[in-house]
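Tertiary structure, described
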Amino acid sequence: MPPVLCLLMLFGALWTYGGAMSREEKQKFRNQVVEMFDHAYQNYMDHAYPADELMPLTCRGRVRGLEPSRGDVDDALGKFSLTLIDTLDTLVLLNKTTEFEAAVRRVLSDVRLDNDIVVSVFETNIRVLGGLLGGHSMAVMLKDGGRHMQWYQDELLHMAKDLGLRLLPAFNTSSGLPYPRINLKHGVRGPETRTGTETDTCTACAGTMILEFAALSRFTGDPVFEDHARRALDFLWEKRQRNSNLVGTTINIHSGEWVRRDSGVGAGIDSYYEYLLKAYILLGDDLFLQRFNIHYASIMKYISQPPLLLDVHIHKPLLPARTWMDSLLAFFPGLQVLKGDIRPAIETHEMLYQVTKKHNFLPEAFTTDFRVHWAQHPLRPEFAESTYFLYKATGDPYYLEAGRTILDNLNRFARVPCGFAAMKDVRTGSHEDRMDSFFLAEMFKYLFLLFAEAEDIPFDVEDYVFTTEAHLLPLSLSTAPNTSSIPSNKTSDEELDDSNFDWTCPNTRLLFPDPAFPRSLREPIRSAVDKSCPRPAPYREPGMGRPPLRAQDFMANNPEHLELLRRMGVSLIHLKDGRVQLVQHATQAVSAVAAEDGVRFMQEMMELSSQQQKEQLPPRAIQIVSHPFFGRVVLTAGPAQFGTDLSKSSTGVRGFVTVAEPYSGCSEITNGEYVQGHIALLQRGQCMFAEKARNIQRAGAIGGIVIDDNEGSSSDTAPLFQMAGDGRSTDDITLPLLFLFHKEGNILLEALKEYREVEVLLSDKARDRGVGVQEEEEDCQTEATTPTSFEPVSQSQMTTEELDQSAPEEVSPAREEVSPAAEVIKEEEEKAVDPQAEAAQPKEERDSEKTEEPRGDTDSSSQSVDELLADWREDLEAFKQMEKDEL
C-alpha cells in the first residue's frame, strides 16, 4: 500500500457500542445542517454579496473601508467576494450542484483580484486561493461525471494562478519567509503598496502555504509556487530550537530570529504542524512526515499535559509560558486522529467538549481551571472538525451527540434573522455583527459529514485532503510530476529516530480492545472540568508594618484621607471615565518616613486590587423582554460586588423599568410610588453606588440599573465596569444593581420613551429567545420567534482583569508609580448630573402606523404569525437605523 494513503485508512476500522443514533435521527440532523447552511448562505447572497462578508445583525455586507476598522481581522477582506469563494466546495458537498454552478458563474463574472488593497498573505492563501482550487477540483469532478459543468474550461484555475502570481512577491525576502501582507495590485515594494515594512510574521502564517501552492503548481505544471512554499518550510525547520525541536510563535522574516519564543499548538503555530502532516498525505514526500514526527514527539513530551495543551518556552520547554489555552488548539485532536494517536485525542476533545457545555461555545481563550479568559467566540469550526475526525476513527455515537450539541447551541444562541452572529461574550450571550467566511467554508462541511451516510455524499471524501480552511484537494495530485527546481533541505540521518516513525496503518480495534475504553478516558476529565479550582490568597511579606492609612479603608471623597495621601506624596487623579488613579512622587512626601508609608500604601493598594481582580465577576445581561422585543435585545451590563448575586438565581430578576427621581439616586427617592416593585434607572455620579442601591431599596425597588453619565462611553471601547462598595458592610443591600455604559443605556431609555412600559430581565446571561412570549409563540417554528439580536456591543470588550493584569508590576518605590485602575476599588462621583430623565432622544422616529398600534394591552398569543413577523421586521429596521446613526 503506498504510504501516501496509509494514514487515511485509519477511518476504515470502526466500532460502536451502546445506544447508536438511528439512521432516521442522523438524517434529521443532516437535514438540519443543510437548512442552517441555507439560512447563512442565502442571507449572505441576499444582503451582502458582492461584499466579502455578511454583517448578520444589521443585515448588510461588510465592505472594507466603509465600516470601522477592526485591525488585523480586516486583512482577510480584499473586495473579492470572500464568502462566496470560500463556500464553493461546500455547495457541492451539500449536494447543491445548481447553486454551485451559479456561484462559479458569479465568481467568473464579478470577482476582481487586482484591487488596490492590502491583504493578509496567509488568509488570502487559505481562503481565496484554497477556495478557488477547491472549487476547481469540484468543477472538474462534476464535469467528469458528465451531467454538470460541461461548459467549464478551468476558469477557476486560471483565476487561482493569477492570484498565486500576485502573492509570490511576498516571498521576496532573504529567508524565503513571506511578508505577512501584500498589496494585490502593487505587491510589496514602493510607497504605493502601503506595506512591505513589516519585519515579523507568525510561524503558521509562513508555514501554511504548501498545500495550496503545491496544488497550484501541480494543477498548472508551473513549479514556482511549490518551490517557494517548500523553501519557507525548510527555513522554519532549520530555525527550530534544536534541543527541544519546537518552534516559536513569531519570527523575523529577514534574520530568522525568534521574536516570540513561546510554543504551543494553538494560535500562531497551529496549521504549521497541520500542513507538515497533510503535505505528506497530499504529496507523498517522506520528508514532511519525518519532520512532523520529530515535532510531534516534542509536543507530546513538553506541551501535552493531558487533557491540557499548554504553551512552553522553546529554550526551556519544561517552563510553562502561560496558564490559559486558546480555542484554535481545538483542531489538534483531529490532527492526532490522522497521526493515529487516538488516546490523547479523546482526552483533549473531552476537555474541550466539557468547556463547550459549560459556556455553550468554546471561549476564545480559557484558563487551566476552565474559566473564561477571552469571552468572544467567532463561530470557529475547529471543535466540530475534531468531533468529525474522532467519530470517523472510532464510530463512537458519543461524538454524534457532541455534534448535536454544536447544532443546538448554534441555533439557540447564534442564529439571528439574517444569518448566524458571532458571540461577543459567551457568558452573557451577547452578539457581534460578524459572520466570518470560514463559518460557511468549514463548520457546515464537518457537521454534514458527521451525520451523513456514504450515499449522501456526492463523491468519496477519502480521495481528498482537507486544507486548514476545509477546502478539498484531490490526493491524485501526489502522482502529478514534481518538477521542483529547488532541492529539498533533507533532514540528516543523525537527526532522525526511526523508532518514532509509524509506517503502518493504525488499527482502532487493537487500540480499543474494550468498547468502553474511550468512555473510561472521558469520565475523569468530565469531573475535572466540573470542579472549580480554589484561588490562592495573595502573598504578604511577614513582619511588614502598616502605614497610617490602610488601603482597604481609603475613601476617595474623604478630605482627611486625601490629606494623608498628600503627606505621603500620593496624588489622586480623576479620569474622564469616572475612575481614579493613584500616583506616588516620593520626593513630594513631607518626610522620609511618610514617603515609606506611601510606598507601603501603594503596595497594599496593589494587593487589594489584585485580590479584587481575582474576585472579578463576569458580565451580566439586561434582556428587554416586553413587546415588541420579546428578549431579542440583550445589553451587556457590569456587575456590582454587592447585592443579589444573579449567577445564583435560576430565574433572574424581572420587572418594568422606571426612572428614579432624583435621577442620581443620591438622596431619598421622591417618586417612590412609581419605583416600588419596579427596576429603577439611575444616573452615575454624585455619590457611591452602594448609596444609590440603598436609596432605591428603601423606596421598594426590586432592582437597579446605573447608566453612565460619560457621554459616548460604550462597551465597544471600554473594559467591563464592576461597581464596588463604599468601604463598609453592604450586607444590607439585597437587590441586584447593574451598570450600563452611556451607549447601551440610551438604547434602554429610548425604548422606554417609545413604548412607555418596558420590561427587562436582569440575569447572569441571556435566556433563550422568545422570553416573555406566550407558550404558543415559543412553539412556533417561524422566524417570528428568532431573535433580531441587535447588540450594542462589539469585539473590543475586555474584562478589567485583562486590562489591569500588568498594573501591579508598574508600582515600586523606585519611580513615579500609578496604582491599578480603580474600577474595582472605590469611586468618588463628583460630576454634575442632568436631572432630566428624558434626556436621551430617539434617533429614529417610527412611522405613524407604528405609533398608533396598541402597546402593552395586546395579548401576543392572539396575534397571527404575519402580524408578529411584521412587528419583528419593523423593529429590526428601526434598530438597524439606530445603530447606523450611532456609528
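Note that this is a predicted model, so its numbers are computed, not measured.

This part is about the sheet that holds strand β13 (residues 365–367). Each strand in a sheet pairs with another by means of backbone hydrogen bonds, the pair being arranged parallel or else antiparallel. The strand order across the open sheet built from three strands is β12-β13-β14, with neighbouring strands paired in antiparallel fashion. Pairing within the sheet leaves two strands with one partner each, and these edge strands are β12 (324–326) and β14 (372–374). When the angles between neighbouring strand axes are averaged without regard to direction, this sheet yields 30 degrees.

This part is about the packing of helix α9 (residues 270–283) against helix α11 (residues 332–339). Relative to each other, α9 and α11 sit at 30 degrees, their axes nearing to 11 Å. With respect to α11, the element α9 is oriented roughly parallel. Crossing of α9 over α11 shows left-handed handedness. On the side of α9, the interface is formed by Tyr273, Glu274, Leu277, Lys278 and Ile281, while α11 contributes Leu335, Leu338 and Lys339. Classifying every residue of the contact of α9 with α11 by side-chain character gives five nonpolar, no polar and three charged.

So, on to the pairing of strand β17 (residues 422–425). It is a general feature of regular strands that their side chains alternate between the two faces of the sheet. As judged from the three bridges shared by β17 and strand β18 (residues 430–432), these two strands associate in the antiparallel manner. The residue of β18 that forms the bridge with Asp425 is Ser430. Taken together, β17 and the strand that follows it, β18, pair antiparallel across an intervening segment of four residues, in which Gly429 is found at a positive phi of about 85 degrees.

With that settled, the discussion passes to the state of the cysteines. Linking two cysteines covalently via their sulfur atoms produces the bond known as a disulfide. Inspection of the entire model under this criterion finds three disulfides. Note that Cys202 is cross-linked by a disulfide to Cys205, the S-S spacing being 2.1 Å. Note on the Cys202 and Cys205 pair: the S-S dihedral is about 90 degrees, so by sign convention the disulfide is right-handed. We note that Cys202, like Cys205, is buried. Paired through a disulfide, Cys666 and Cys687 show a sulfur-sulfur distance of 2.0 Å.

Glycine aside, the phi torsion of most residues is negative, and most peptide linkages are trans. The linkage connecting Tyr49 with the following residue, Pro50, adopts the cis geometry, with an omega of 10 degrees. Positionally, Pro50 belongs in the loop between α1 (23–47) and β1 (53–55). Its identity as a non-glycine residue notwithstanding, Ser81 has a phi of 50 degrees, on the positive side. For Ser81, the position within the fold is in the loop between β2 (60–62) and α2 (82–93). The backbone of Arg756 sits at a positive phi, close to 65 degrees, despite the residue not being glycine. In this structure, Arg756 sits in the loop between α22 (742–755) and β29 (759–763).

This part covers the environment of Val657. Structurally, the position occupied by Val657 is in strand β25 (residues 653–659). Along the backbone, Val657 and Ile705 are 48 residues apart, and their C-alpha atoms lie at a distance of 8.8 Å. If we ignore the near neighbours within four places in the chain, the residues touching Val657 are Ile679, Leu681, Leu752, Val758 and Val760.

Turning to the packing of aromatic side chains, a few remarks are in order. Overall, the coordinates contain 30 aromatic pairs when judged by the stated rule. Pairing Trp151 with Tyr152 gives two aromatic rings, centres 6.2 Å apart and planes at 80 degrees, and the pair type is edge-to-face. Note on Tyr446 and Phe466: the rings are 5.4 Å apart at their centroids and 55 degrees apart in plane angle, and the pair reads as tilted. Of this pair, Tyr446 sits in helix α15 (residues 437–451) while Phe466 is found in strand β19 (residues 464–466), placing the two residues 20 residues apart along the sequence. Judged on exposure class, the residue Tyr446 and its partner Phe466 are both buried. An aromatic cluster is built from Phe37, Tyr41, Phe420, Phe439 and Phe444, whose rings are joined through pairwise contacts. Between Lys357 and the ring centre of Tyr353, over which it is positioned, the NZ or CZ distance is 4.6 Å. Above the plane of the ring of Tyr398 lies Arg522, whose end atom (NZ or CZ) is 3.7 Å from the centre.

Further remarks concern the pattern of salt bridges. Throughout the structure, instances matching the rule amount to 44 salt bridges. The salt bridge involving Asp162 is made with Arg166; its shortest N-O contact spans 3.1 Å. Of the two residues, Asp162 and Arg166 are both situated in helix α5 (residues 155–167); the distance of four residues between them amounts to about one turn of the helix. On the basis of relative accessibility, which here comes to 30%, the residue Asp162 falls in the partly exposed class. The partner of Arg218 in a salt bridge is Glu226, with the nearest N and O atoms 3.1 Å apart.

As a further point, take helix α13 (residues 382–394). Given a rise of 1.5 Å per residue, 13 residues ought to cover 18 Å, and the 18 Å separating the end C-alpha atoms of α13 matches this to within 8%. Along α13, 12 of the 13 residues are buried, which leaves the element largely enclosed by surrounding structure. Along α13, the residues that are buried comprise Glu382, Phe383, Ala384, Glu385, Ser386, Thr387, Tyr388, Phe389, Leu390, Tyr391, Ala393 and Thr394. Backbone geometry just after α13 places Gly395 at a positive phi near 65 degrees.

Once that is clear, we can look at the sheet that holds strand β28 (residues 737–740). One open sheet accounts for seven strands, arranged β24-β23-β29-β25-β26-β27-β28; its pairing is mixed. Since the sheet does not close on itself, it has two edges, and those belong to β24 (633–637) and β28, each with one partner. Taken over all neighbouring pairs, the strand axes of this sheet differ in orientation by 35 degrees on average, direction set aside. Alignment of strand β23 (residues 620–624) against β24, held across five bridges, turns out to be antiparallel. Residue pairing for β24: Gln623 is matched across the bridge by Val634. Packed on one face of the sheet, α22 meets β23, β24, β25, β26 (679–683), β27 (703–707), β28 and β29 and runs near 105 degrees to β28.

The rules we used
- Residues numbered from 1 in each chain as written.
- Predicted model: local features only at pLDDT ≥ 70, side-chain atom pairs only at ≥ 80, totals over all residues.
- Heavy atoms only, no water.
- Pairing = 2+ DSSP bridges.
- Helix = DSSP H or I, 4+ residues; strand = E, 2+ residues; numbered from the N terminus.
- Axes fitted to C-alpha atoms, helices over the stretch in contact; angles between N-to-C directions.
- Parallel < 35°, antiparallel > 145°, perpendicular 65-115°, else oblique.
- Left-handed = near helix turned anticlockwise from the far one by under 90°.
- Contact = heavy atoms within 4.5 Å.
- Nonpolar A, V, L, I, M, F, W, Y, C, P; charged D, E, K, R; others polar.
- Disulfide = S-S within 2.5 Å.
- Buried < 20%, exposed > 50% of the residue type's maximum accessible area, 1.4 Å probe, protein only.
- Phe/Tyr/Trp six-rings, centres within 6.5 Å; stacked < 30°, edge-to-face > 60°.
- Lys NZ or Arg CZ within 6 Å of the ring centre and 35° of its normal.
- Salt bridge = Lys/Arg side-chain N within 4 Å of Asp/Glu carboxyl O.
- Expected span 1.5 Å × (residues − 1).

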